[in-house]
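Close look at the chain arrangement
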Amino acid sequence: MKKALLSITAVVVSASVMSQTVLITQDFESFDPGDPLAQSAGLPWTTWSNAPGGTEDTPISDAYAYGGTKSASFASTIANGGPTDVILQLGNRTSGQYLLGWWMRIPAGKGGYFNIQKSITAGQSWSIDVIFRASGAVELSTNAAAGATTTYPVDQWFLVGMSFDLDASAATLTIDGNTAATWVTTTAVGTGGVGLNQIGAVNFYGYSGGDQSEYYIDDVSVSDITGIGVPELGAPEATAYPNPTT
């Protein structure tokens, strides 16, 4: 599976290198194990309360790595989650097309979580929640309604990929190469932010819907593909593309 994804990635990169703009790439290799991520990396990494180095920050780990020897770890033994609560700011983007992705690993018996915030100011509004349960199930919601339910490979690295076409108010989430959800970017989880067509940040929270949370991410990538366009890339390429180690 990994070789197939990398092969597709190489094709897309070679075809679009003149058009796409890499906005963020992070492989965590420049840090030491135990370093607080947000404090060590600085912006666009921060925490929910904008307090890098505090209890919301998360350590770099050498327990698992997709590429190299290090990744970022997120864990909690609290059913309601926390205090680990990290933010990756994407900028308050209201137009254009973007690809966002990372490799993720969840050990057996654990779970994970992330959401997409509509603003770089955490807590104002978010557009989708993604909960990885210890059972291997994935629970999704947007606009306060349950979305498609899919699965992820337990205790293996898998690719989380998202494409956003803000000009068309459309977004797609893929997990391990499979389309897990599509949604209208003007909708919002809960009641706040409905009608706001904007992406602002990714929230990596120590939570998993009541299960113990422990997960790792590696090779994070964000690209502006406005010159290419998400529809031109197609689903397989959009799934495979966010892989900065290629």
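First, a word on what this report is: a plain description of the structure on this page. Bear in mind that the values here come from a model prediction, so they are computed numbers and not experimental data.

For the rest of this paragraph, the subject is the environment of Asn 92. Its location among the elements puts Asn 92 in strand β5 (residues 85-93). Residues within four places of Asn 92 in sequence aside, it is in contact with Lys 118, Ser 119, Ile 120, Gln 198, Ile 199 and Gly 200. Separated by 2.9 Å, the side chain of Asn 92 and the backbone nitrogen of Ile 120 make a polar contact. Within the structure, the side chain of Asn 92 is placed 3.5 Å from the side chain of Gln 198, a separation counted as a polar contact.

Turning our attention to the nonpolar core. The nonpolar side chains of a soluble globular protein tend to be buried with one another. Residues Trp 102, Phe 114, Phe 132, Leu 173 and Ile 217 are the most contacted members of the largest nonpolar core, which totals 43 residues. Each residue touching Ile 217, except ones within four places of it in the same chain, is listed here: Phe 28, Trp 45, Ser 71, Ala 72, Phe 74, Trp 102, Trp 103, Met 104, Trp 157 and Phe 204. Trp 103, Trp 157, Leu 159 and Tyr 216 belong to the second-largest nonpolar core, a separate cluster that totals five residues.

Structurally, Ser 141 can be placed in strand β9 (residues 137-142). It is 6.9 Å that separates the C-alpha atoms of Ser 141 and Val 130, two residues lying 11 residues apart in sequence.

Any two side chains of opposite charge can pair, given that their charged atoms come close. In total, this model carries three salt bridges according to the counting rule given. Salt-bridge contacts for Arg 133 lead to Glu 139; the nearest nitrogen and oxygen are separated by 3.3 Å. The class of Arg 133 is buried, set by a relative accessible area of 19%. Its relative accessible area of 34% is what places Glu 139 among the partly exposed residues.

The rules behind each value
Residues numbered from 1 in each chain as written. Predicted model: local features only at pLDDT ≥ 70, side-chain atom pairs only at ≥ 80, totals over all residues. Heavy atoms only, no water. Helix = DSSP H or I, 4+ residues; strand = E, 2+ residues; numbered from the N terminus. Contact = heavy atoms within 4.5 Å. Polar contact = N/O pair within 3.5 Å; in protein donor to acceptor, adjacent residues only side chain to side chain. Core = buried A, V, L, I, M, F, W, Y, C linked by side-chain atoms within 4.5 Å. Buried < 20%, exposed > 50% of the residue type's maximum accessible area, 1.4 Å probe, protein only. Salt bridge = Lys/Arg side-chain N within 4 Å of Asp/Glu carboxyl O.

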